[in-house]
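The primary structure of each chain is shown beneath.
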Amino acid sequence: MEEILKNLPEKAKDKHKENKKFFAKLRKKPPKDLDRQMQEMHDEEFSRTNCLDCANCCKTTGPLFTNKDIERISKRLKLKPQQFIEQYLRIDEDKDYVLQEVPCTFLAADNYCLIYDVRPKACREFPHTDRKDFHKISNLTIKNTAICPAAYNIVEEMKRRIKI
């Protein structure tokens, strides 16, 4: 896995123009059954991929925290929401709550999440390859191909299967 992660940003960069072109076409004319196809490719990839072997998303990026996330997590940690914010979060340039630092504070040495059952919505949905109206999040998906080997593989599979 280390070797895959080491090479992933460069591989994603090499495919960037190709992916931009593919997603531009996809946005203009998405197949009627795109969400079904995406769910299928997502499920196939994650039947082979174990996030606990990687956790690169937790090591290199931080999720956005919604107010609901903050409420739920602070309750679990027995903190007031404001205490949780002060201890773990900051406001980014888009005025969103994000982690003060990465890797994620809640990532254990064995790649398990210490708050898994109450983790932020952004973490639950990452890498967003099974999201409804998938064609609307192409920039996010392209960005995620440099972080997540599964997202990279899913985009490569999309280009093989979906003829635009």
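Just above sits the structure.
In this report, we go over the structure that sits alongside the text. Residue positions are given per chain, counted from 1 along the sequence in the order it is written. Under the rules for a predicted model, residues below a pLDDT of 70 receive no local features and side-chain atom pairs below 80 are neither given nor counted, while totals for whole chains, interfaces and linings still include all residues. To obtain the side-chain values, all non-hydrogen atoms of the structure were used and water was disregarded.

## Some remarks on the sheet that holds strand 1 (residues 64–65)
For clarity, the threshold we go by: Whether two strands pair depends on DSSP finding at least two bridges between them. Helix and strand labels come from DSSP, where a helix needs a run of H or I of at least four residues and a strand needs a run of E of at least two; each type is numbered from the N terminus.
Read across the open sheet, the three strands follow the order 1-3-2; overall the sheet is antiparallel. Edge strands, defined here as strands with exactly one partner in the open sheet, are strand 1 and strand 2 (89–91). Where strand 1 and strand 3 (residues 97–99) come together, two bridges link them in antiparallel fashion. The residue of strand 3 that forms the bridge with F65 is Y97.

## Regarding the pattern of salt bridges
Which entries qualify depends on this criterion: Criterion for a salt bridge: a side-chain nitrogen of Lys or Arg within 4 Å of a carboxyl oxygen of Asp or Glu. Accessible area is worked out with a 1.4 Å probe on protein chains only. A residue is then buried under 20% of its type maximum, exposed over 50%, and partly exposed in between.
Applying the stated rule across the entire model yields 17 salt bridges. Note that E18 and K159 form a salt bridge whose closest N and O atoms lie 2.6 Å from each other. Placement of E18 in helix 1 (residues 2–28) and of K159 in helix 8 (residues 149–161) is noted, with a sequence separation of 141 residues between them. Under the relative-accessibility criterion, E18 is labelled partly exposed at 41%. Look at K159 and you get buried, because its relative accessible area is 15%. With its nearest N and O atoms 3.8 Å apart, the salt bridge here joins R131 to E125. With a relative accessible area of 28%, E125 lands in the partly exposed category. Overlapping salt bridges bring together D33, R36, E40, E44, E157, R160 and R161 as one network.

## Thoughts on the state of the cysteines
Heads up, the condition is: The term disulfide is used for any two cysteine sulfur atoms that are within 2.5 Å.
With the rule as written, the count across this model stands at zero disulfides. For the unlinked cysteine C54, the closest cysteine sulfur is that of C148, found at 6.4 Å.

## Here we look at helix 1
As a reminder, the rule being used: Here, expected helix span is obtained from the residue count minus one, scaled by 1.5 Å. Here the bend at a residue means the angle between the axes of two seven-residue stretches, the one that ends at it and the one that starts at it. Only heavy atoms enter the contact rule, under which two residues are in contact if any of them lie within 4.5 Å.
The end-to-end C-alpha distance of helix 1, which contains 27 residues, comes to 37 Å, matching closely the 39 Å that a straight helix rising 1.5 Å per residue would cover. At H16, helix 1 shows its strongest bend, of approximately 50°. Among the structural elements, helix 2 (34–48), helix 3 (56–60), helix 7 (138–144) and helix 8 are those in contact with the buried residues of helix 1.

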